[in-house]
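If you want the building blocks of each chain, they are given just below.
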Amino acid sequence: MMANLVSSQQMVNQFNSMTINNSWSNMWGQEVVNLMADRNIKAKTSDHETQERDHRCCNPDVLRSTLRRVPETASLLQKSRLPFGLLIHPFKDDHNIPIIQDRSIVRCRSCRTYLNPFVRLFDQRKWYCNICHRINDLPDDFIIDPQTQRLHNYPPDHPELTHGTVEFVASVEYMLRPPQPAAYLFVFDCSSHAYHLGYLSVMSDTILACLDHLPGDLRTVVGFIGFDSRLHFFSLGDQKPQHIIMPDITNIFLPAADNLLVNLHSKRSVIENFLEKILKNMNPIGAPSSSSSPQTAIVDSGSALGSALLAAYEVIAPIGGRITVFQATLPNLGPDGSVLTNREDPNNRTSSSSNTAHLTPLLNPITDFYKKLALDCSEHQIAVDLFDLSPSYSDLASVSQIAKVSGGSIYYYGASGANLSTDAGRVLSRFSEDFEHYLCRNIGFEAVMRLRCTKGLGIHTFHGNFFVRSLDLISLPNCNPDNGYAMQISIDDEFKDVRSVCFQAAILFTNPVGERRIRVHTLNIPIASVLQEIINFADAEAIAAMISKMAVDRTINSNLNDAREAMITAVLDLLTAYRNIAPEDAAYGLSTSYSTRLLPLYISALLKHTAFRVGISTKIDERIYAMERLKSLPICHIITYIYPNLYPLHYEFNPETGHWPRPVQLSFANVDRNGVYLLDTYDCIYLYICKSVSPHWLAEVFGITQWAKIPDDGENADLSDSRVNTVAKHGHNSIVDHSSYSPKIPTYVSPIPRLENETSRRLNAFIEYLVSTRPQMPHFFLLREDSRLRYSFLQYMYDDRSESAFSYYEFLQHLQQQLRN
């Protein structure tokens, strides 16, 4: 059932470093946990557990280490068998970040570290760098009170010395050129595939609704380019928009080049005219419906995506900015390298654990066209974001390179659009909400991020969507609050004379109103010389997140089977290392520290995850997108994506007092026939209603007393796809002050009725809370116990056995057997 495991040393070579940081108190860190004795280990989390952290450090949702105690030497790290790395969410929305301006930015003269709470001040005029150990002078405007012109009380009460995250308004020395304006170029598929999907009208309405809320100032520029078998340019410089069709998709020529990207404010009426009269009404031949051109003979099913991207690059390259691409079908026309063919065999989507080699080519791009263009975009401060709405195979492995390498984001809707006649409306509803959030979210332009760490540490692997410029510098032409990144860390020298190490991430960007800003995050971690302390202060959530990212790389660079074996070996290595330090009475069981007790559970779930599962028919694009999510989701979301939350809703809970439902483990044995359960998988929210639920509960929530009358999303579902589309809608509060970077807060409108009783109010408040914590709208659907789509719910019961995978308890037995061998 399980492939033979590689040796521990091989695993070390495969996964050189990993990261996770779950900070339990010392009391919990010393507790020994027998995994075989308690299968509901995640559900039994004590209310007394608290995170131990130094509050001078930045928020752990921003910068988090897999180890809360750094080994003193590389050999000690090797003995721990734990990965060492950082998870970072550098542009996370936070309105409480201190903004520093009109004062010198204090940095180390040697390593360029920014002043932070962990430096040492002495002599009132000097400070000791905690990264490179150099002694530096403090500038006069830092130590002298501008009101009294006298020295500050020592030490100065400045934000740099009290906050783990600060933001500076940068001076001209941080600018290679004047700050660019906010530039938005939309590149959209207008072929017959797009017409039948109906997304152009939704796209038009959403942009119209968000024009006042696009981040930017009076310099903001906007443009549009369409494509089918030809290129469609829209000149917006005159009183009326001009639609120019270019049939030559090989030799790119830009007609009316000066008017393809125009000022949003001076040309507002022309842009609105284009959105309402042209884009909203484009028909299958690429002309507006009001046009006198014939609409009968020609149905243009071509997709010259590559040509459109080349044209968009030429338009926006002089200033940089954001290209937003909408794909409705597989690109089948264009320059060499951009044309793709269907590589997927629908009859060969199911792989056994011993036969996954055929997947590797399909998970890699077939051409380097999109990657090379992305590199050019990155060089010119352009990020490309991709909205893939194709209901069929779209070769996401190839096309997504344009977004991954340029620092963009990927939105994929193909898994939920199998039947256009019944599902398109639901897909477009979700697309509309995602697109609205995307348009109005905070954004930073022409950004770079540098990670500095204490002398003796090194960075050797990066994970996420970006281009690596040097060993510690990554290029992010656009930065946004939805993407996360990770870095693996090595220990190059011994730490004999220091008590802690420090990491500092600094992201330099231009905000939408043209200010150059530097956001700095600082994390300090104590050093440990004892193996037991290192393991007791490991972070299982962070480690699982890091392992998932490394497993994605392993799958793409080697094969899926190797990645699965490597994940299992990571757990075995941890259990072996702990056995060497465990008390004698725990040495012969399957024991681990309290802090790492959930790692086997998370790895067991990853083996059944869409990204890594075998034995289940899985679309290639869907698997690729799952891998992309694991690589780019920030730590605050990725654990729910790895191991969903199953909430029993038939028990009392009260959101007003912060008493939310407590999740149970993902086993159908925990589903009571009298119960109602909400399953949150991050991408989907399932409300599963059992047959024997109380009629009183039904009356208070749905206004009915008969279970059979509950609306069920499986009744009219297309069973060619196991997922159901959202019927939910939510809105957002408007943003008026762009300089404040206010994010849009989703206000969820549940498909569940809002009735005037406590049960209904509490349920809707809980669902609204869950949705408000994430940037994208989840699929939401109601399932009765007898639903035709019951499997959609059951496939997430990761603790249970399936035909192709162990149950969680069997997985533990397998680990125990391997340790005995």
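Residues numbered from 1 in each chain as written. Predicted model: local features only at pLDDT ≥ 70, side-chain atom pairs only at ≥ 80, totals over all residues. Heavy atoms only, no water.

1. Here we look at the confidence of the model for the protein chain
Of the residues in the protein chain, 87% have a pLDDT of 70 or more, and the chain-wide mean is 86. Scored below 50 in pLDDT, residues 416-422 shows 15 contacts in the model against residues more than four places distant or in partner chains. (pLDDT = per-residue confidence, 0-100. Contact = heavy atoms within 4.5 Å.)

2. Some details on the pairing of strand S26 (residues 645-648)
Covered by surrounding structure in S26 are Asn645 and Tyr647 together with Leu646 and Pro648, the residues of both alternating faces. By the bridge criterion, four bridges tie S26 to strand S27 (residues 676-680) in an arrangement that is antiparallel. By the bridge assignment for S27, Asn645 is matched with Asp680. (Buried < 20%, exposed > 50% of the residue type's maximum accessible area, 1.4 Å probe, protein only. Helix = DSSP H or I, 4+ residues; strand = E, 2+ residues; numbered from the N terminus. Pairing = 2+ DSSP bridges.)

3. Some remarks on the sheet that holds strand S6 (residues 120-122)
Strand order in this open sheet of three strands is S6-S7-S8, and the pairing throughout is antiparallel. For this open sheet the edge positions go to S6 and strand S8 (135-137), each flanked by a neighbour on one side alone. Going from strand to strand, the sheet's axes swing by 30 degrees on average, the running direction of each strand aside. With three bridges joining them, strand S7 (residues 126-128) and S8 adopt antiparallel strand pairing. Considered in S8, the bridge of Lys126 is made with Asp137. (Axes fitted to C-alpha atoms, helices over the stretch in contact; angles between N-to-C directions.)

4. Focus: the environment of Arg516
Looking at the element boundaries, Arg516 is found in strand S24 (residues 516-528). The class for Arg516 is buried, based on a relative accessible area of 10%. In this structure, the C-alpha to C-alpha distance between Arg516 and Phe168, residues 348 residues apart in sequence, is 8.6 Å. Those residues in contact with Arg516 that lie beyond four places of it in its chain are Phe168, Val169, Ala170, Tyr174, Met175, Phe445, Glu446, Leu508, Phe509 and Thr510. A distance of 3.3 Å separates a polar atom in the side chain of Arg516 from the backbone oxygen of Tyr174. Engagement of the side chain of Arg516 in a polar contact is seen with the backbone oxygen of Glu446, the distance being 3.0 Å. (Polar contact = N/O pair within 3.5 Å; in protein donor to acceptor, adjacent residues only side chain to side chain.)

5. Remarks on the side chain of Asp395
Residue placement: Asp395 occurs in the loop between strand S16 (382-388) and helix H11 (396-399). At 2.9 Å, the side chain of Asp395 and the side chain of Arg343 are in polar contact. Within the local environment of Asp395, its side chain forms a polar contact with the side chain of Tyr393, the two groups lying 3.4 Å apart. In contact with Asp395, not counting residues within four places along its chain, are Leu330, Leu340, Thr341, Arg343, Ile366 and Asp621.

6. Here's the deal with the pattern of salt bridges
Opposite charge on two side chains allows them to pair when their charged atoms are near. Under the defined criterion, the tally for this structure stands at 35 salt bridges. Where Asp482 meets Arg441, a salt bridge forms, and the shortest distance between an N and an O atom there is 2.7 Å. Taken together, the residues Asp482 in the loop between strand S21 (473-479) and strand S22 (485-491) and Arg441 in the loop between helix H13 (420-440) and strand S18 (444-453) connect sequence positions 41 residues apart. Under the relative-accessibility criterion, Asp482 is labelled buried at 13%. Judged by relative accessible area, which is 4%, Arg441 ranks as buried. (Salt bridge = Lys/Arg side-chain N within 4 Å of Asp/Glu carboxyl O.)

7. Notes on the pairing of strand S15 (residues 321-327)
Burial within S15 is extensive, with seven of its seven residues counted as buried. For strand S10 (residues 183-189) and S15, the ladder comprises five bridges, and the chain directions are parallel. For Tyr184, the partnering residue across the bridge sits in S15 and is Arg322. Where S15 and S16 come together, seven bridges link them in parallel fashion. Bridging from a neighbouring strand, Phe326 pairs with Phe387 of S16.

8. A short note on the sheet that holds S22
The sheet built from four strands is open, its strands ordered S2-S4-S22-S19 with antiparallel pairing. Single-partner strands in this sheet number two, and they are strand S2 (63-65) and strand S19 (457-463). Each strand of the sheet is rotated relative to its neighbour by a mean of 25 degrees, with strand direction disregarded. Strand contacts of helix H15 (residues 540-557): S2, strand S4 (85-88), S19 and S22, with the helix running at about 95 degrees to S4, the strand carrying the most contacts.

9. Digging into the packing of aromatic side chains
A complete count under the given rule lists 38 aromatic pairs for this structure. A ring pair is formed by Phe431 and Phe435, whose centres lie 5.6 Å apart and whose planes are at 5 degrees; its orientation type is stacked. Of the two residues, Phe431 and Phe435 are both situated in helix H13; the distance of four residues between them amounts to about one turn of the helix. For the pair shown, Phe431 and Phe435 are each scored as buried. Across the ring face of Tyr128, the terminal group of Arg120 is positioned such that the distance to the ring centre comes to 4.4 Å. In this structure, Arg629 is placed above the aromatic ring of Tyr641, and the distance from its NZ or CZ to the ring centre is 6.0 Å. (Phe/Tyr/Trp six-rings, centres within 6.5 Å; stacked < 30°, edge-to-face > 60°. Lys NZ or Arg CZ within 6 Å of the ring centre and 35° of its normal.)

10. Considerations on the side chain of Asp228
Take Asp228: it is sitting in the loop between strand S11 (221-227) and strand S12 (231-235). The exposure class assigned to Asp228 is buried, which follows from its relative accessible area of 0%. A polar contact is formed between the side chain of Asp228 and the backbone nitrogen of Arg230, at a distance of 2.8 Å.

11. Describing the packing of H15 against helix H17 (residues 599-606)
Packing of H15 against H17 brings their axes to within 9 Å, and their N-to-C directions diverge by 30 degrees. Accordingly, the angle class assigned to the pair H15 and H17 is roughly parallel. Every pair of crossing elements has a handedness; the one defined by H15 and H17 is right-handed. Two secondary-structure elements touch here, H15 through Ala540, Glu541, Ile543, Ala544, Ile547 and Ser548 and H17 through Leu599, Tyr602, Ile603 and Leu606. Here the residues of the contact of H15 with H17 sort into eight nonpolar, one polar and one charged. (Parallel < 35°, antiparallel > 145°, perpendicular 65-115°, else oblique. Left-handed = near helix turned anticlockwise from the far one by under 90°. Nonpolar A, V, L, I, M, F, W, Y, C, P; charged D, E, K, R; others polar.)

12. As for the environment of Tyr578
Within the secondary structure, Tyr578 sits in helix H16 (residues 560-579). Taking C-alpha positions, Tyr578 is 7.8 Å from Gln532, a pair spaced 46 residues apart along the chain.

13. Some remarks on empty space enclosed by the protein
Applying the stated criterion to the full structure yields 11 cavities of 30 Å³ or more. What the largest cavity holds in volume is close to 140 Å³. In terms of lining residues, the largest cavity is bounded by 14 residues, among which Asp482, Asn483, Arg629, Ser632 and Gln776 are the most central. For the lining of the largest cavity, the secondary structure elements donating two or more residues are strand S17 (410-412) and helix H18 (620-632). Looking at which element gives the most residues to the lining of the largest cavity, the answer is H18, with four residues. Its residues assigned to classes, the lining of the largest cavity shows six nonpolar, four polar and four charged. (1 Å grid on protein atoms, 1.4 Å probe; cavity = no way out; pocket = protein on both sides within 12 Å on 5 of 7 lines; lining within 4 Å. Points joined across faces, edges and corners; volume = space filled by probe spheres on them.)

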